Amino acid sequence: MAPRRLLLVGEGNFSFAAALSETLDQSTSLTATCLQLPAEVARDPVARENLQCLLERGIDVRFGVDCTQLSDVFELHDREFHQIYFNFPHCGRKAGVAKNRKLLAKFFQSCADVLAEEGEVHVALCRGQGGTPVDKPQRKWHNSWQVVAMAALGGLILSDVYPFSCKAVPGYKCTGYRSQDKSFHVEGALNHVFTRSLPFEDSQPRIFRIKLGNQWFSFREPEALVGKLNRGFLEAPSCHPIKTINEKLIAELGKAFPLKRLKCSFPLLPQEGASVLPFWNCDFLSAAFWISLHEDNSNSESLTGGTSQDVEDFLVSFSELSLPKNPGRDGKEAAYEGICGQAKVCLRPSLLVHVQDIIEVPDFLSGSLHILSGPVFQKCHILPFTMPAFHETLFILGLNKNLKDGCLQSLLDHLKGIVDSLLTQTSPEISKLSSLVEFVLQSNGKDYMIHVKTDNFSPDYTEDLIIGSVTTSATSIIHKDQCFVFVSMNLDLLAMLVWCISDWRMLWTFDNRFLKNFVPGKIEPFKSHSLYPPCYVHDISFWIDEKKGFDELEFHTVARAVSQDTVISIQFLSRYQHPKTQQVSLCYRLTYQTCDKALTQQQVSSMQSQFRKEIQQRLYVTPR
């Protein structure tokens, strides 16, 4: 097994290296470096003594090492450090925050060349310098060293931060710039631990192929949903929290009701899909993602001009698709002609579009909970708890009309108890409170929205969250003696609350560190691998054509697509009407921030520039 390699840069009197070397075992090697030349270091008696100790222990000591040019110091075969330490970096004298930010930025960029794939960069800063909320007091962002933003330039994210303690390294004596006698004030200092971020690539929509009957079709993934189709979070091998929360819900409800789990098809609906909602408000489809299907019998490589990994195939039978049936014809024949005869289909906006097909099955079991789970997709405004893709579980219960009220209340009581229990597992103090779940009766007097009181979880949660709905308005042509209850649950929101995950985007990360938080069979508080990512704010104003109108939902959708889901807030600022031309201008503020990757100001500026071009082409506005 290769030894664990540590690198110290910017050493002053080498007291940190000497103290650390005493704690190392044989499986760890240490390289200690400083900027000064040997003659300059030799003037300090403390440094001479520490260097003598290091040499006796066989520690690799190097002089004249510029920590912003580490690739020039270490040959390719001599890189791959598992931990890099830089304690109290400083440009010297009264350098100011700008110069020290530049030092940090160059250092982090240099680290990227010599850091192991799962390595760490440790940077100790004096109180307030870092600019994160952990600093007490926290400086204004513009007056701090903006350490997380500087680290992003090297593709690094802040994964941990904790108090720096000299006592934890006996013998360490902090010195000032170039080993000056005047040391830094380390009271309240923090150690910042950075790790590699997944590369922030220019993600391109994937091509999907789907087989309907004997015919293959292809379609391009919507830009706003890149990375969200075919993730398999609910599939058998998954250990994703979405699956965990779904299985716990189903298992607990199974103690009170007989269950029947239904298979969920790939979420395509034809344009006529609104006909499966004869009793429903079809606002669902107005926010749907529409896609074009193209007949395609070519192989995977010719579809994208690339390798077969660029294409994902799906085998879907007609019986699995929620297609409108013509009672007088064969269902598969009608479905096939329906698909071939139209240019557009949509991604399923809700599992509720399937209910009519389910309850019209002749062998539908009254009194059993029929369960359907799967991903759904809806265009939505950019808000903290609204998401364009999430996982929904639908519980369908057929009841004798005479026993409806009692059975419905029993279902709601069981559901309330289960969700309350889940929500209190990671927060014992919350368990002392009354129920967190409330069924809010709607204006029609028979349906409910499922609210969760969130003010007890985090100061970021100021309003109740709606995690689902209860609907009792469906009727069946076949089962005329029954009434039906549909309970829809947003599994993503529920998982966020149960594990205290503050950002829904984290559920969709490709970073393997996310899943390491979740132990099978246990529910413990989530700890993010990316802390306090920097925010970047940009304003945009544009003239609109009032005759054509302005689609604000599409404005948000374009922002989501262009920014690769890094826009976390869009705030309307002002409306201006030119006094002479009467032309109207709108102004919005966009806030960019990632939850799991390094994002730089330069990347955001590029996205903002592209956003201006896209809204001009798609929304017929004229940027100012």
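Look up a bit, the structure's there.
From a predicted model like this one, the values you see are computed outputs, not experimental measurements.

1. Thoughts on the overall build of the protein chain
Part 1 of the argument: For the protein chain, the count of helices and strands is 15 helices and 25 strands.
Part 2 of the argument: Across the 624 residues that make up the protein chain, the buried fraction comes to 52%.
Part 3 of the argument: Of the contacts made within the protein chain by residues no fewer than 6 positions apart, 71% connect residues no fewer than 24 positions apart.
Part 4 of the argument: Accessible area for the protein chain stands at about 29500 Å²; split by element, carbon and sulfur atoms hold 50% of it.

2. Quick notes on the sheet that holds strand 22 (residues 536-544)
Part 1 of the argument: Read from one edge of the open sheet, four strands run 23-24-22-25, paired in antiparallel fashion. Both outer strands of the open sheet, strand 23 (567-577) and strand 25 (622-623), are each paired with one neighbouring strand and no more.
Part 2 of the argument: As judged from the nine bridges shared by strand 22 and strand 24 (residues 584-592), these two strands associate in the antiparallel manner. By the bridge assignment for strand 24, I540 is matched with Y588.

3. Examining helix 5 (residues 96-114)
Part 1 of the argument: The end-to-end C-alpha separation of helix 5 is 28 Å, in line with the 27 Å expected for 19 residues at 1.5 Å each.
Part 2 of the argument: When we look at burial in helix 5, the residues that qualify are N100, R101, L103, L104, A105, F107, F108, S110, C111 and V114.

4. Examining the side chain of K243
Part 1 of the argument: Of note, K243 is situated in helix 7 (residues 241-253).
Part 2 of the argument: For the buried K243, no salt bridge exists, and the shortest N-O distance to an oppositely charged side chain is 5.4 Å, to E247.
Part 3 of the argument: Engagement of the side chain of K243 in a polar contact is seen with the backbone oxygen of E235, the distance being 3.5 Å.
Part 4 of the argument: Not counting residues up to four positions away in its chain, the partners in contact with K243 are F233, L234, E235, A236 and S238.

5. Regarding the packing of helix 7 against helix 13 (residues 491-499)
Part 1 of the argument: Viewed as axis vectors pointing N to C, helix 7 and helix 13 meet at an angle of 95°, and their least axial separation amounts to 9 Å. One element, helix 7, and the other, helix 13, form an angle in the roughly perpendicular class. Residues P241, I242, T244, I245, N246 and L249 of helix 7 touch helix 13, and the partners they reach there are L491, D492, L494, A495, V498 and W499.
Part 2 of the argument: A breakdown of the residues in the contact of helix 7 with helix 13 according to their chemical character gives nine nonpolar, two polar and one charged.

6. Quick look at the environment of D539
Part 1 of the argument: Along the polypeptide, D539 turns up in strand 22.
Part 2 of the argument: Taking C-alpha positions, D539 is 7.1 Å from C587, a pair spaced 48 residues apart along the chain.
Part 3 of the argument: Here the side chain of D539 touches R589 through a polar contact of 2.7 Å, side chain to side chain.

7. Thoughts on unusual backbone geometry
Part 1 of the argument: Residue P137 is bonded to the preceding K136 through a cis peptide linkage, with omega at -5°.
Part 2 of the argument: One non-glycine residue, F14, lies in positive phi territory at about 65°.
Part 3 of the argument: Examined against the element boundaries, F14 turns out to sit in the loop between strand 1 (4-9) and helix 1 (15-21).
Part 4 of the argument: The class for F14 is buried, based on a relative accessible area of 0%.
Part 5 of the argument: Backbone geometry at Q146 places phi at a positive 50°, although glycine is not the residue there.
Part 6 of the argument: Positionally, Q146 belongs in the loop between strand 5 (115-125) and helix 6 (147-152).
Part 7 of the argument: Among the residues examined, Q146 registers a relative accessible area of 12% and is labelled buried.

8. A short note on the nonpolar core
Part 1 of the argument: L249, I467 and M489 are the most contacted members of the largest nonpolar core, which totals 82 residues.
Part 2 of the argument: Leave out the neighbours within four places in its chain, and M489 touches L249, H391, E392, T393, F395, L415, V419, I450, I467, G468 and L494.
Part 3 of the argument: In terms of nonpolar packing, the next biggest core, distinct from the first, is built from 56 residues, F86, V148, V558 and M607 among them.

About the thresholds
Residues numbered from 1 in each chain as written. Predicted model: local features only at pLDDT ≥ 70, side-chain atom pairs only at ≥ 80, totals over all residues. Heavy atoms only, no water. Helix = DSSP H or I, 4+ residues; strand = E, 2+ residues; numbered from the N terminus. Buried < 20%, exposed > 50% of the residue type's maximum accessible area, 1.4 Å probe, protein only. Contact = heavy atoms within 4.5 Å. Areas by Shrake-Rupley, 256 points an atom, 1.4 Å probe, with all protein chains shown as cover. Pairing = 2+ DSSP bridges. Expected span 1.5 Å × (residues − 1). Lys, Arg positive; Asp, Glu negative; His and termini not counted. Salt bridge = Lys/Arg side-chain N within 4 Å of Asp/Glu carboxyl O. Polar contact = N/O pair within 3.5 Å; in protein donor to acceptor, adjacent residues only side chain to side chain. Axes fitted to C-alpha atoms, helices over the stretch in contact; angles between N-to-C directions. Parallel < 35°, antiparallel > 145°, perpendicular 65-115°, else oblique. Nonpolar A, V, L, I, M, F, W, Y, C, P; charged D, E, K, R; others polar. Core = buried A, V, L, I, M, F, W, Y, C linked by side-chain atoms within 4.5 Å.

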